[in-house]
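Chain by chain, the residues:
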Amino acid sequence: QTSRYLVFVSSLCLHGKVSGDEDFPKARNLTWSSINFKTILMWQPKPTNYVYTVEYYALGKDRMKSRNCIKKDVVECDLTRQLTDLKETYIADVISEPLPGQPFDQVEFPHTSSERFCPYKDTIIGRPDFDVEVNEAKDKITLHIKDPISAVSSGNRLLNMRDIFNGDLQYKIIYKKAESTGKKEEHTKSNTFELKVDRGKSYCFNVQAYIPTRVYGKQLGELSQLKCSPAGEKSFFEEYGIRVIAAVIITVIIISILIIALVVILCKRSQNGSGGPDKEGMSLRNV
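Basis of the calculations
- Residues numbered from 1 in each chain as written.
- Predicted model: local features only at pLDDT ≥ 70, side-chain atom pairs only at ≥ 80, totals over all residues.
- Heavy atoms only, no water.
- Disulfide = S-S within 2.5 Å.
- Buried < 20%, exposed > 50% of the residue type's maximum accessible area, 1.4 Å probe, protein only.
- Helix = DSSP H or I, 4+ residues; strand = E, 2+ residues; numbered from the N terminus.
- Pairing = 2+ DSSP bridges.
- Axes fitted to C-alpha atoms, helices over the stretch in contact; angles between N-to-C directions.

What follows concerns the state of the cysteines. Between two cysteines, a covalent bond joining their sulfur atoms is known as a disulfide. Applying the stated criterion across every chain, the model contains 2 disulfides. Here cysteine 69 connects covalently by a disulfide to cysteine 77, the sulfurs 2.0 Å from one another. Here the disulfide of cysteine 69 and cysteine 77 is right-handed, its torsion about the S-S bond being about 100 degrees. For cysteine 69, a relative accessible area of 5% puts it in the buried group. Since its relative accessible area comes to 1%, cysteine 77 is described here as buried. The connectivity of the disulfide bonds within the protein chain can be written as 1-2, 3-4, using the sequence rank of each bonded cysteine.

The next subject is unusual backbone geometry. Here the bond from glutamine 44 into proline 45 is cis, since omega is 0 degrees, no more than 30 degrees from zero. Position of proline 45 relative to the elements: it lies in the loop between strand S2 (38-44) and strand S3 (50-58). One non-glycine residue, phenylalanine 37, lies in the positive phi region at around 70 degrees. When you line up the elements, phenylalanine 37 lands in the loop between strand S1 (28-35) and S2. For phenylalanine 37, a relative accessible area of 2% puts it in the buried group. With phi around 65 degrees, lysine 138 is a residue other than glycine that occupies positive phi space.

Moving on: the sheet that holds strand S14 (residues 192-196). Strand order across the open sheet formed by 3 strands is S8-S9-S14, with antiparallel pairing between neighbours. A strand with exactly one partner marks an edge of an open sheet, and here the two such strands are strand S8 (129-134) and S14. Neighbouring strand axes in the sheet, compared pairwise and without regard to direction, differ in orientation by 20 degrees on average. Pairing geometry for strand S9 (residues 140-146) and S14, over 5 bridges, is antiparallel.

In C-alpha cells:
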C-alpha cells in the first residue's frame, strides 16, 4: 500500500495541476547586453520543468510579447528588432510559465522586471577602425576614422553610428610617440584628425567613440586596436650611433695620415732619384 501511495503522489507531481511560485521559480539577475544596438536580455536560472516568456514595453505604452521568446526554455532573448524607437526607455518582464500542454490553476505567473533601458543612451559603441596617413614631409599625420556599423537597418542597409548619433558623436584620440610612455588626448567632432609631429618619428594611436550628451560612465565606447605610423628615414647619427661614427672618423683620420705619409715618402724618393742623373750630365758636358 505504501508503494502504491508513493506512485500516486509521484503521478500527481508529474501530471497534476501546477500551483504556487515554488513550481515556477522567478527569473533573476536580469541583465541588458547591448553593443552597437544589438540588444539582448539575459537572466537566470536555466528552466527545468517550466518555460519563460518575455514581454516588453516602452514607458507609457502598451505591453507586447517578444515574438521569438514565447514559452521558450532559454535564458536570453534578442530584442534588437523590437526596440525600434532608439530614444524610448524600455522595461522587460521575464515570466515563468508551465510547459505547453501542462494544466495549471494560477491566474498570474511569477515574473521579474528588468531595469530601465534606453538604446540611445545605454548601448555600448564598439571599437572603431581607422587608417593612418603620413604626409610626404613626414611632419603631419592624419587619422581617417570609420564609424562602427550598428545592428539597426534602414531599407537595405545597416546604419552606422554617425547615421544614428549625428552631431552627438565625437571621437577621443589617445596618442604617444612610439618610443615614449607618456600619452596625450584629443577630441574630434569629425571623422578625421590631423596632428603635427616631429619629422620622421613614429606615433601610436587608439581611438574610441565619445558621446558627451550621455551620463558620465557611458560616454566612451570600446577602445580601438593600437595602430602606429611608420617611422621616417633615420638621420645618420640615429642610424649608426655615436660610437660607430667615432670609430669611422678615427679610422678615416688614420688612413688619411697613412696616405699623406706615403705620398710624402714617395715624393722625396722621386726627388732624390731625379737629382743624380742631372749632375752626372752636367759633369760630362763640362769635360
